[in-house]
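Commentary on secondary and tertiary structure
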Amino acid sequence: MKMVRDVSDFKAAPWRDIDRVEMEHAMSVPTMLSKREQKLYYWLTSHWTQDIGAVVDLGCFVGGSTARLADGHVDAGKRHWIHAYDRFKADDRTKAQELYRKGIPPFDGTDIYWLARDLLEPWEDRVTLHRGDILTKTWDGSPIELLVMDAAKSTETTDGIAERFFPYLIPGQSLVVQQDYFHWRLPWIPVQMHLMQDWFRPVAFCPDDTVIFQNIRQIDEAALTAGKVSRLDDGALLDHLTEVQPLARSWRKKQRIYRMKRAIRANPGVRTGYRMVDPDK
Ligand SMILES: C[S@@+](CC[C@H](N)C(=O)[O-])C[C@H]1O[C@@H](n2cnc3c(N)ncnc32)[C@H](O)[C@@H]1O
């Protein structure tokens, strides 16, 4: 059996010590990430990865997450490629809130691919953008050392991402960053990782919603079958969330799981995040 790399450092959240000046270059690219998550992303590629596989960013929007990952990657002199996936579309509300407010001049249309390309130009020697629905994509089969997930917005996509990317994680080394782990609209994410607990171990929480996992065993058919969330009815989702509670409690986040449970009860059968109505409003 392969060695599992020691992750005890993660408990102290060493990324908090990153000075924002270090990632100044990347700060010009708008992002939806919290300040701590931005530091985490830079730290993961500058301090954690060993340059033994690709970095994959699923759901990069205009490239804010990709820029933080790429900046750390450059600063540490790494050479493996970074692949960023998105539909690269934004509606007027998202454009106003996430782009114009953050300094991007107004523009027509919903396409943001050209903008992501422009913003990521400083890292174009190491970043490939993959445009379109992730479920229409395939992976080339090379090892993935760091997989950042911010696109598991439905159970179908969550399972589809697992099938396409998880088998290429490097057991004992690779990390999966679940950016939406504690988001109340996406209760299938903690359930997926719980069902795959023989293959992943949780290593840290990073506010606002992120939990980082280490892949500890080769992902095979048994793992993918065990982790399938699209087959679960509401009762099964609720039961599995109860099993997640002790982990959430260890980060004092049990209330977030309770909110997910209220969301499932208020939205029977809904398996797409944006269709979830807030149970607390
Ligand atoms: C919260 S945003 C990502 C924010 C980004 N990581 C950042 O740093 O600002 C989620 C992104 O996932 C993308 N997305 C969601 N589902 C997708 C899918 N099935 N295929 C491709 N992109 C998807 C959306 O287009 C959106 O840009």
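These lines cover the structure that appears in this document, whether it is placed above or below.

Calculation notes
- Residues numbered from 1 in each chain as written.
- Predicted model: local features only at pLDDT ≥ 70, side-chain atom pairs only at ≥ 80, totals over all residues.
- Heavy atoms only, no water.
- Axes fitted to C-alpha atoms, helices over the stretch in contact; angles between N-to-C directions.
- Helix = DSSP H or I, 4+ residues; strand = E, 2+ residues; numbered from the N terminus.
- Parallel < 35°, antiparallel > 145°, perpendicular 65-115°, else oblique.
- Contact = heavy atoms within 4.5 Å.
- Nonpolar A, V, L, I, M, F, W, Y, C, P; charged D, E, K, R; others polar.
- Core = buried A, V, L, I, M, F, W, Y, C linked by side-chain atoms within 4.5 Å.
- Buried < 20%, exposed > 50% of the residue type's maximum accessible area, 1.4 Å probe, protein only.
- Pairing = 2+ DSSP bridges.
- Near = heavy atom within 4 Å.
- Polar contact = N/O pair within 3.5 Å; in protein donor to acceptor, adjacent residues only side chain to side chain.
- Areas by Shrake-Rupley, 256 points an atom, 1.4 Å probe, with all protein chains shown as cover.
- Phe/Tyr/Trp six-rings, centres within 6.5 Å; stacked < 30°, edge-to-face > 60°.
- Lys NZ or Arg CZ within 6 Å of the ring centre and 35° of its normal.
- Disulfide = S-S within 2.5 Å.
- Left-handed = near helix turned anticlockwise from the far one by under 90°.

Where helix 8 (residues 234–250) meets helix 9 (residues 254–266), the closest approach of the two axes is 8 Å, and the angle between their N-to-C directions is 170 degrees. By the angle between their directions, the pair helix 8 and helix 9 is classed as roughly antiparallel. Note on element contacts: helix 9 touches helix 8 through Lys254, Ile257, Tyr258, Met260, Lys261, Ile264 and Arg265, opposite Asp234, Leu237, Leu238, Leu241, Thr242, Val244, Gln245, Ala248 and Arg249. Partitioned by chemical class, the residues of the contact of helix 8 with helix 9 number nine nonpolar, two polar and five charged.

Another point: the nonpolar core. Proteins that are soluble and globular tend to have nonpolar side chains buried together. Core analysis: the largest hydrophobic core is formed by 50 residues, its most contacted members being Val56, Leu58, Leu147, Phe165, Phe166, Phe182 and Phe200. The dominant element in this core, judged by the number of residues it contributes, is helix 8, at six residues. For Phe166, the residues in contact, after removing those within four places along its chain, are Leu147, Met149, Ile161, Val176, Gln192, Met196, Phe200 and Ile219. Listed in part, the 46 residues of the second largest apolar core include Ile18, Leu40, Leu99 and Leu175.

This brings us to the pairing of strand 6 (residues 200–206). Regular strands place side chains that alternate from one sheet face to the opposite one. Here strand 6 lies mainly inside the structure; five of its seven residues are buried. Summarising the sheet, strand 6 and strand 7 (residues 210–215) pair through six bridges and their orientation is antiparallel. Bridging across to strand 7, Phe205 finds its partner in Val211. In this antiparallel pair of consecutive strands, strand 6 and strand 7, the connection spans three residues.

Around the ligand lies a shell of 17 residues, among which Thr31, Met32, Gly59, Asp86 and Ile134 are the nearest. One of the backbone N or O atoms of Met32 is found 2.8 Å from an oxygen atom in the ligand. Here an oxygen atom of the ligand sits 2.6 Å away from a polar atom, N or O, in the side chain of Asp86. Look at the ligand: alone it shows 600 Å² of surface, and the protein chains cover 90% of it. Its residues placed into classes, the shell around the ligand shows six nonpolar, six polar and five charged.

Inspection of the entire model under this criterion finds 15 aromatic pairs. A ring pair is formed by Phe10 and Trp15, whose centres lie 5.8 Å apart and whose planes are at 65 degrees; its orientation type is edge-to-face. Comparing Phe10 with Trp15 shows no difference in burial state: the two are buried. Their ring planes at 85 degrees and their centres at 5.0 Å tell us that Phe10 and Trp48 sit as a pair that is edge-to-face. One end of the pair, Phe10, is in the segment before helix 1 (35–48); the other, Trp48, is in helix 1, with 38 residues separating them in the sequence. For the pair shown, Phe10 and Trp48 are each scored as buried. The rings of Tyr181, Phe182, Phe205, Phe213 and Trp251 are connected pair by pair, giving a single aromatic cluster. In this structure, Arg5 packs its charged tip against the face of Trp48, placed 3.5 Å from the ring centre. One cation-aromatic arrangement involves Lys95 over Phe107; the distance from NZ or CZ to the ring centre is 4.5 Å.

Tallying each qualifying case throughout the model produces zero disulfides. Here Cys60 stays unpaired: no disulfide links it, and the sulfur of Cys206, its closest cysteine neighbor, is 19 Å away. On the accessibility criterion, Cys60 (3% relative accessible area) is buried.

On to the packing of helix 6 (residues 188–195) against helix 8, then. Two elements in contact, helix 6 and helix 8, have axes separated by 9 Å at closest approach and are oriented at 70 degrees. Of the possible angle classes, the one that applies to helix 6 and helix 8 is roughly perpendicular. Helix 8 is crossed by helix 6, and the crossing has left-handed handedness. Facing helix 6, whose interface residues are Trp188, Pro190, Val191, His194 and Leu195, helix 8 presents Leu237, His240, Leu241, Glu243 and Val244. Taken together, the residues of the contact of helix 6 with helix 8 break down into seven nonpolar, two polar and one charged.

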